[in-house]
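An overview of the molecular structure
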Amino acid sequence: MAHPLHKKLLAEALGTFWIVFAGTGAMVLNDLSGAAFHMGVALIFGLAVFAMIFALGDISGAHFNPAVTIAMWITRKIKAKEGFLYIISQLIGSAIAGLFLLWIFPNGKIVNFGTPTLASGITLFGGILIEAVFTFILVFTIYGVAVDKRSPHATIGLAIGVIVIVALLVAGPLTGAALNPARSFGPALVAGFWTNQFVYWIGPIIGAVIAGLVYNNLLLGKDVKAKKG
């Protein structure tokens, strides 16, 4: 069933809001308490993605990520105008999540409200490469379980949620493993912390576009090729 555009945009805003709010909120709480609970933060991010895919995936396709939307546009799974509005909705959802973090954690500024940043020793190029590689894996998985209709529908949320958890466990200590420009946008906005912010746009977009093109052109069945966007 095709849903009206306004419902799709609302779904994208709500889904992005919850992922940023829940995951980044856990990160802020962890940082402020001084607890070394990296596994817990990774699980919360992954489970938030898992839940939102099942709750809203049938309405908007559950992008919740500008990099995913750009890959879908490049591979003609979504029209340009709709894709642009998806990205605006995602950023609005992220910004609102940032405002909620500001309200709940008034002292969260000392940890920049969970805005991702590069670890000591990670160069700008290294950060972009790490974000690109892990976003490639994420988006490749999205195409495999969500875009490719040959895959069982029930695996979508689980597969993508697991990839998010693994990415955070491995790359989280290096770059924060944002893999999503919206994930970094809202917290950076309320923290006023824009250091290396472009890393979290360039890396994920490059990784997502390459993943989309590879899966779409080399692996996707002809029967599920999308219409022109």
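Residues numbered from 1 in each chain as written. Predicted model: local features only at pLDDT ≥ 70, side-chain atom pairs only at ≥ 80, totals over all residues. Heavy atoms only, no water.

**Section: the confidence of the model for the protein**
In this model, the protein carries an average pLDDT of 93, and 95% of its residues clear a pLDDT of 70 or more. The spread of mean pLDDT over the elements of the protein runs between helix 2 (residues 38-60), the lowest at 94, and helix 3 (residues 66-74), the highest at 98. (pLDDT = per-residue confidence, 0-100. Helix = DSSP H or I, 4+ residues; strand = E, 2+ residues; numbered from the N terminus.)

**What to know about the packing of helix 1 (residues 5-33) against helix 2**
Here helix 1 crosses helix 2 at 170°, and the two axes come no closer than 9 Å. Taken as axis vectors, helix 1 and helix 2 run roughly antiparallel relative to one another. (Axes fitted to C-alpha atoms, helices over the stretch in contact; angles between N-to-C directions. Parallel < 35°, antiparallel > 145°, perpendicular 65-115°, else oblique.)

**Concerning the nonpolar core**
Counting 43 residues, the largest nonpolar core has Ile 19, Phe 45, Met 72, Leu 138, Val 139, Tyr 143 and Ile 160 as its most contacted members. Elements represented by at least two residues in this core include exactly helix 1, helix 2, helix 3, helix 5 (124-147), helix 6 (156-175) and helix 8 (199-219). Discounting chain neighbours no more than four positions away, the residues touching Tyr 143 are Ala 71, Met 72, Thr 75, Lys 77, Asp 148, Gly 212, Tyr 215 and Asn 216. Core analysis: the second largest hydrophobic core is formed by eleven residues, Val 28, Val 190, Ala 191 and Phe 193 among them. (Core = buried A, V, L, I, M, F, W, Y, C linked by side-chain atoms within 4.5 Å. Buried < 20%, exposed > 50% of the residue type's maximum accessible area, 1.4 Å probe, protein only. Contact = heavy atoms within 4.5 Å.)

**What to know about the packing of aromatic side chains**
Taken as a whole and assessed by the stated rule, the structure comprises ten aromatic pairs. Centre to centre, the rings of Tyr 143 and Tyr 215 are 6.3 Å apart; their planes meet at 45°, and the pair counts as tilted. Placement of Tyr 143 in helix 5 and of Tyr 215 in helix 8 is noted, with a sequence separation of 72 residues between them. We classify Tyr 143 as buried; its relative accessible area is 0%. Of the residues examined, Tyr 215 reaches a relative accessible area of 9% and is grouped as buried. With centroids separated by 6.1 Å and ring planes inclined at 55°, the aromatic side chains of Phe 185 and Trp 194 adopt a geometry described as tilted. Residue class for Phe 185 comes out buried when judged on its relative accessible area of 18%. Look at Trp 194 and you get partly exposed, because its relative accessible area is 42%. (Phe/Tyr/Trp six-rings, centres within 6.5 Å; stacked < 30°, edge-to-face > 60°.)

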